[in-house]
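Listed below, chain by chain, are the residues.
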Amino acid sequence: HDSECAALSDLWNNPDITDAIYLSIGNHLGGALIIDGQLSNGRTGRSGTFEHMTLVPDGLPCYCGQKGCMECYCSVRALLNEGENLEGFFEEKGKENPNILDRWDSFLSYLAMAINNLHMVIDCDIILGGHIAPYLTEEDITKLHQLVQKNTAFPEKEPFILQGRRKKHAIAIGAALPYILGFLNELGT
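Notes on the structure in this doc start here. In this text, all values refer to a predicted model and were calculated from it rather than measured experimentally. (Residues numbered from 1 in each chain as written. Predicted model: local features only at pLDDT ≥ 70, side-chain atom pairs only at ≥ 80, totals over all residues. Heavy atoms only, no water.)

### Details of the pattern of salt bridges
Here's step 1: If you walk through the whole model with that rule in mind, you get four salt bridges.
Here's step 2: Here Arg103 and Glu84 are joined by a salt bridge, their closest N and O atoms 2.4 Å apart. Of the two residues, Arg103 sits in helix H5 (residues 98–121) while Glu84 sits in the loop between helix H3 (76–79) and helix H4 (86–94), which places them 19 residues apart along the sequence.
Here's step 3: Notably, a salt bridge pairs Lys95 with Glu92, separated by 3.5 Å at the nearest N-O pair.
Here's step 4: Note on Glu92: relative accessible area 27%, which makes it partly exposed. (Salt bridge = Lys/Arg side-chain N within 4 Å of Asp/Glu carboxyl O. Helix = DSSP H or I, 4+ residues; strand = E, 2+ residues; numbered from the N terminus. Buried < 20%, exposed > 50% of the residue type's maximum accessible area, 1.4 Å probe, protein only.)

### Brief notes about the nonpolar core
Here's step 1: By size, the foremost hydrophobic cluster in this structure holds 39 residues, and its most contacted members are Leu23, Trp104, Leu111, Ile115, Leu128 and Ile132.
Here's step 2: Listed by contribution, the elements that provide at least two residues to this core are strand S1 (20–25), strand S2 (29–35), helix H2 (71–74), H3, H4, H5, strand S4 (125–129) and helix H6 (138–151).
Here's step 3: Sort the elements by how many residues they give to this core and H5 lands first, with nine residues.
Here's step 4: Apart from the residues within four sequence positions on either side, Ile132 is in contact with Ile25, Leu79, Leu86, Phe90, Trp104 and Phe107.
Here's step 5: Grouped together as the second largest cluster of nonpolar side chains are 10 residues, Leu11, Ile17, Ala20 and Ala32 included. (Core = buried A, V, L, I, M, F, W, Y, C linked by side-chain atoms within 4.5 Å. Contact = heavy atoms within 4.5 Å.)

### Section: the packing of helix H1 (residues 2–13) against helix H7 (residues 170–187)
Here's step 1: Direction vectors running N to C along H1 and H7 enclose 70°, while the axes themselves pass 7 Å from each other. Accordingly, the angle class assigned to the pair H1 and H7 is roughly perpendicular. Contacts between H1 and H7 pair Asp2, Cys5, Ala6, Leu8, Ser9 and Trp12 from the former with Ala170, Ile171, Ile173, Gly174, Ala175, Leu177, Pro178 and Leu181 from the latter. (Axes fitted to C-alpha atoms, helices over the stretch in contact; angles between N-to-C directions. Parallel < 35°, antiparallel > 145°, perpendicular 65-115°, else oblique.)

### Side note on the environment of Leu60
Here's step 1: Assignment of secondary structure puts Leu60 in the loop between strand S3 (38–40) and H2.
Here's step 2: For the pair formed by Leu60 and Met70, sequence separation is 10 residues and the distance between their alpha carbons is 9.7 Å.
Here's step 3: When neighbours within four sequence positions are excluded, Leu60 is seen to be in contact with Gln66, Lys67, Gly68, Cys72 and Tyr73.

### Here's the deal with the sheet that holds strand S5 (residues 161–163)
Here's step 1: Here five strands make up an open sheet; going across it, the order is S3-S2-S1-S4-S5 and the pairing mixed. Edge positions in the open sheet fall to S3 and S5, since each of these has one partner strand only. Along the sheet, successive strands turn relative to each other by an average axial angle of 35°, direction set aside.
Here's step 2: Contacting S1, S4 and S5, H5 runs over the sheet at an angle of about 155° to S1.
Here's step 3: Those strands touched by H6 are S4 and S5, and its axis lies near 160° from that of S5. (Pairing = 2+ DSSP bridges.)

### Some thoughts on the side chain of Glu4
Here's step 1: Position of Glu4 relative to the elements: it lies in helix H1.
Here's step 2: Among all residues touching Glu4, those that are not within four sequence positions of it are Gly31, Ala32, Leu39, Asn41 and Ser47.

### Some thoughts on a nonpolar patch on the surface
Here's step 1: A contiguous nonpolar patch, built from Trp12, Ile180, Leu181, Phe183, Leu184 and Leu187 and spanning about 580 Å² of accessible area, is present on the exposed surface.
Here's step 2: It is H7 that contributes the most residues to the nonpolar patch, five residues altogether.
Here's step 3: Take Leu187: it is sitting in helix H7. (Patch = residues over 30% accessible without salt bridge, like charges linked within 9 Å, V, L, I, M, F, W, Y side chains within 5 Å. Areas by Shrake-Rupley, 256 points an atom, 1.4 Å probe, with all protein chains shown as cover.)

Written out as structure tokens, the structure is:
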């Protein structure tokens, strides 16, 4: 699963991570659950498939056949219109294009709702990675915290939403890491 590979890449870059939820926000939304510094696949291998949790009952149709999944509101495909790309979107955001700012605010509201739901179930850090990670600003992370705090039953003072450390090629690096580490272990290093 590509989001698990990206999470492995972040674990490699930050070995202090113990328990976390990794959200890979790309064309599709993906997730990984990290427990005790290791990926947890769960009993049936579905741990981390947060993208198909219902965020909006009877909401937008998802490719999985259900309606209102987090995928439909928190993925890059949900953010961009036909013909747009992330670079152009964030250039327009920087120019304070009102249409883009409204869409970004709506996206962050849905993302905050999803983060709050996940954080209520599993009380740990939430790492935001994927294609959107390089574009997130400190202001965006602060705004997400504020939106979560506004809507949660249990406000926290300590920040728990983190930006992924690996900005490029996280999936490829994470996919290669087990083989590289296995090779190094065979060498005895």
